[in-house]
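# Notes for the structure review
Here's the letter readout for the chains.
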Amino acid sequence: MNALHTLSDITAWSGIDVLEHLDREVSVPVVDGPQAQGDLIVVPHSMLTGVVTRQPWTRTVPVPASGIELLRSAAGGNPHSLVADEDACTWTAPVADPRGLALGIVEVTGVAYLVHPEHGATGIAPGRYVIGRQRERGTGLYGAARLVAD
Amino acid sequence: MIWNSLRTTLFDGVATAIRRTLPQPLSTVSWYGQQEAHRVGYYDAIRQCGLVGFGALDSELLDAQAALAGATGWWWAFERVCVMAERPCELHTEPSPGGSEDERRLHHPNRAAIEYPDGTRSFVHHGTIVPEWVVLDPTAERIGRERNVEIRRCAIERIGWDAYIEEAALTLVDRTGDPGNPGCLLELYDSPGGWGAPGRILLAVNGSLERDGTRRRYGLPVPAWAPSALDAAGWTYGISGSDYARLVRRT
């Protein structure tokens, strides 16, 4: 997995295809800071300590080679998928989050990738991160926020 | 599968739009016809697969209903007379997002999604029934007057957020580089008056290219208290502006 460098390497390995207009020869960096993919954000857990927590019914599962579908987008129904080598990553969900944004916690020991047909791929370096959704101000009576679906 | 998919497409999509073309909104109009084709399709599939034996009378009735669904619009049968309505002469749809069974919804980018020979028509933007101006002549001035949030949103999508913000001459509050998205800007604008609760609009640029090689710009409504573009962008993801400023990559 460490040998994966380009978008085409990752699509071939994961079996998740991306739209043909994306540059497949582009190298995909593996980063340990916060990063966004469309309406999802990957944030080091340290930025949200005490905000995003486990619940009694929270479960941690290994991310299979076939990947985990995190969120499907509105237009065209394209999913954000989390893929990783066997035993390189775990996924913890559902979690408690008073902001109502977190999808779960990802614990990476090898390298994990977030892949989306329209956005391509991005690498997640070893560490503990919260993957969360994006929101916008609702325009209703009390202006409650609503989740963005891109 | 046939039932649900067709029912969503016809009953929830097409029939709702047709109902809106009626001169005055009637709470209930009973009708039989085209948009009930899910019933006909469902039983026809059962018959074709031979799952249930159909009696001669059942078969005849189903054939008659199939012929009606294929030949006329809504119909109302009385003792000696049957009233039949025209079928639409134009009907444009697109796949429904998230549809698991090939459901479709009404949509046409620049004309009526459904139209009758007499000119009666209904405009639909990605499944949302909208007034004519949203499709034919969306302007910032009309958007500013529109009270319905969904309709306003459809109209802004028609002209594009960046064109709208320029045309509406919204006041720029803050502008900064988008961290993790090199060469792209985050811009924070004050919402125009008359938009309900006061707020601001964050204009951002997608991290990945569209098919045509451009990057899509999109607007997100954010709270009025957001002091800077970075704080506003951070708020959308539930983190502080200073944390968002550390974003290393956006795809």
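Structural data are supplied above this passage.
Below: a short report on this structure. (Residues numbered from 1 in each chain as written. Chains lettered and ligands numbered in written order. Predicted model: local features only at pLDDT ≥ 70, side-chain atom pairs only at ≥ 80, totals over all residues. Heavy atoms only, no water.)

## Observations regarding the nonpolar core
Formally: Residues belong to a common nonpolar core when they are buried Ala, Val, Leu, Ile, Met, Phe, Trp, Tyr or Cys residues joined through side-chain atoms within 4.5 Å. The classification of residues rests on relative accessible area computed with a 1.4 Å probe and restricted to protein chains. Under 20% of the type maximum is buried, over 50% is exposed, and intermediate values are partly exposed. Only DSSP runs of H or I with at least four residues qualify as helices, and only runs of E with at least two residues qualify as strands; both kinds are numbered from the N terminus onward. Throughout, a residue-residue contact means that at least one pair of heavy atoms, one from each residue, lies within 4.5 Å.
Core analysis: the largest hydrophobic core is formed by 27 residues, its most contacted members being Ile-41 and Val-52 of chain A together with Leu-186, Leu-202, Ile-239 and Tyr-244 of chain B. Those elements that place two or more of their residues in this core are strand E3 (40-44) and strand E8 (102-108) of chain A together with strand E10 (185-190), strand E11 (199-205), strand E12 (217-223) and helix H8 (229-236) of chain B. Look past the residues within four positions of Ile-239 of chain B in its chain and what remains in contact with it is Ile-41, Val-43, Leu-48 and Arg-99 of chain A together with Gly-234 and Tyr-244 of chain B. Of all hydrophobic cores here, the second largest spans 20 residues; its members include Val-63, Ile-68, Leu-70 and Val-108 of chain A.

## Remarks on empty space enclosed by the protein
Stated formally: A pocket here means an open set of points on a 1 Å grid, computed over the protein atoms alone, that has protein on both sides within 12 Å along at least five of seven lines. A cavity is instead a set of points where a 1.4 Å probe fits but cannot get out; residues with an atom within 4 Å of a point line either one. Grid points are joined across faces, edges and corners, and a volume is the space filled by probe spheres set on the points. For this classification, the nonpolar set comprises Ala, Val, Leu, Ile, Met, Phe, Trp, Tyr, Cys and Pro, the charged set comprises Asp, Glu, Lys and Arg, and every other residue, Gly included, is treated as polar.
With the rule as written, the count across this model stands at 2 cavities of 30 Å³ or more. Estimates place the volume of the second largest cavity at around 50 Å³. Along its surface, the second largest cavity is lined by Gln-134 of chain A together with Asp-178, Leu-186, Leu-202, Ala-204, Tyr-218, Leu-220, Ala-233, Thr-236, Tyr-237, Tyr-244 and Arg-250 of chain B. Of all the elements in the fold, those that place two or more residues in the lining of the second largest cavity are E11, E12 and H8 of chain B. Taken together, the residues of the lining of the second largest cavity break down into 8 nonpolar, 2 polar and 2 charged.

## Some remarks on the packing of helix H2 (residues 37-48) of chain B against helix H3 (residues 56-71) of chain B
Residue and element names in this part refer to chain B. Here is the rule: Whenever a helix is involved, its axis is fitted only over the stretch in contact; in every case the axis is a line through C-alpha atoms, and angles between N-to-C directions fall within 0 to 180 degrees. Any angle that is under 35 degrees is reported as roughly parallel, and any over 145 degrees as roughly antiparallel; angles of 65 to 115 degrees are reported as roughly perpendicular and all others as oblique. Should the near helix be turned counterclockwise from the far one by less than a right angle, the crossing is left-handed, whereas a clockwise turn marks it as right-handed.
Put simply, H2 and H3 touch, their axes get as near as 10 Å, and they point 135° apart. Accordingly, the angle class assigned to the pair H2 and H3 is oblique. For H2 against H3, the interelement crossing comes out left-handed. Here Val-40, Tyr-43, Asp-44 and Arg-47 of H2 come into contact with H3, specifically with Ser-59, Leu-62, Asp-63, Gln-65 and Ala-66. Here the residues of the contact of H2 with H3 sort into 4 nonpolar, 2 polar and 3 charged.

## Observations regarding H2 of chain B
Residue and element names in this part refer to chain B. Spelled out, the test is: Here the expected span of a helix is defined as 1.5 Å times the quantity of residues minus one.
Taking 1.5 Å as the rise per residue, H2 with 12 residues should run 16 Å; its terminal C-alpha atoms sit 16 Å apart, in good agreement. Of all the residues in H2, the buried ones are His-38, Val-40 and Ile-46. Buried residues in H2 make contact with helix H1 (2-20) and H3. Looking one or two residues past H2, Gly-50 carries a phi angle of roughly 65°, positive in sign.

## Some details on unusual backbone geometry
Cis geometry is found at the peptide bond from Ala-93 of chain A to Pro-94 of chain A, where omega equals -10°. With respect to the secondary-structure elements, Pro-94 of chain A resides in the loop between strand E7 (89-93) and E8. One non-glycine residue, Asp-87 of chain A, adopts positive backbone phi at about 65°. Despite not being glycine, His-126 of chain B has its phi angle at roughly 45°, a positive value. Looking at the secondary structure, you find His-126 of chain B in the loop between strand E7 (121-125) and strand E8 (128-130).

## Focus: the pattern of salt bridges
Any two side chains of opposite charge can pair if their charged atoms end up close together. Residues and elements named next belong to chain A. Filter applied, for reference: A carboxyl oxygen of Asp or Glu within 4 Å of a side-chain nitrogen of Lys or Arg is what we treat as a salt bridge.
Counted according to the given criterion, the structure contains 18 salt bridges over all chains. The partner of Arg-128 in a salt bridge is Glu-107, with the nearest N and O atoms 3.2 Å apart. Of the two residues, Arg-128 sits in strand E11 (residues 127-133) while Glu-107 sits in strand E8, which places them 21 residues apart along the sequence. Taking relative accessible area as the criterion, Glu-107 reaches 34% and is therefore assigned partly exposed. Close ionic contact of Glu-136 with Arg-146 constitutes a salt bridge, the shortest N to O distance being 3.0 Å. With Glu-136 in strand E12 (residues 135-136) and Arg-146 in strand E13 (residues 146-147), the pair connects residues that are 10 residues apart, well separated along the chain.

## Observations regarding the side chain of Glu-115 of chain B
All names here are of chain B. Which entries qualify depends on this criterion: In this tally, Lys and Arg are treated as positive and Asp and Glu as negative; His is ignored, and so are the chain termini.
Inspection of the secondary structure assignment puts Glu-115 in strand E6 (residues 114-115). Buried and unpaired, Glu-115 has no salt bridge, with Arg-111 as the nearest side chain of opposite charge at 4.7 Å. Dropping the residues within four chain positions of it, Glu-115 is found in contact with Pro-88, Cys-89, Glu-90, Thr-120 and Arg-121.

## Some points on the packing of aromatic side chains
Two measures describe an aromatic ring pair: the distance that separates the ring centres and the angle between the ring planes. Residues and elements named next belong to chain B. As a reminder, the rule being used: Pairing of aromatic rings covers Phe, Tyr and the six-membered ring of Trp, with a centre-to-centre limit of 6.5 Å; geometry is then stacked below 30 degrees between planes, edge-to-face above 60, and tilted otherwise. Only lysine NZ and arginine CZ atoms are considered, and such an atom sits over a ring when it is within 6 Å of the ring centre and within 35 degrees of the ring normal.
Counted by the stated rule, this structure contains 4 aromatic pairs over all chains. A centroid spacing of 6.4 Å and a plane angle of 75° characterise the contact between Trp-74 and Trp-76, whose relative ring orientation is edge-to-face. Residue classification places Trp-74 among the buried residues on the basis of a relative accessible area of 6%. Its relative accessible area of 26% is what places Trp-76 among the partly exposed residues. When the centroid spacing of 6.3 Å and the interplanar angle of 85° are considered together, the rings of Trp-161 and Tyr-164 count as edge-to-face. Highlighted residues: Trp-161 and Tyr-164, both in helix H7 (residues 161-167), separated by 3 residues, approximately one helical turn. Overall, Trp-161 belongs to the buried group, its relative accessible area being 10%. Taking the relative accessible area as the measure of exposure, Tyr-164 reaches 1% and is therefore buried. For the cation-ring pair, Arg-47 lies above Phe-54, with the distance from its terminal atom to the ring centre recorded as 6.0 Å.

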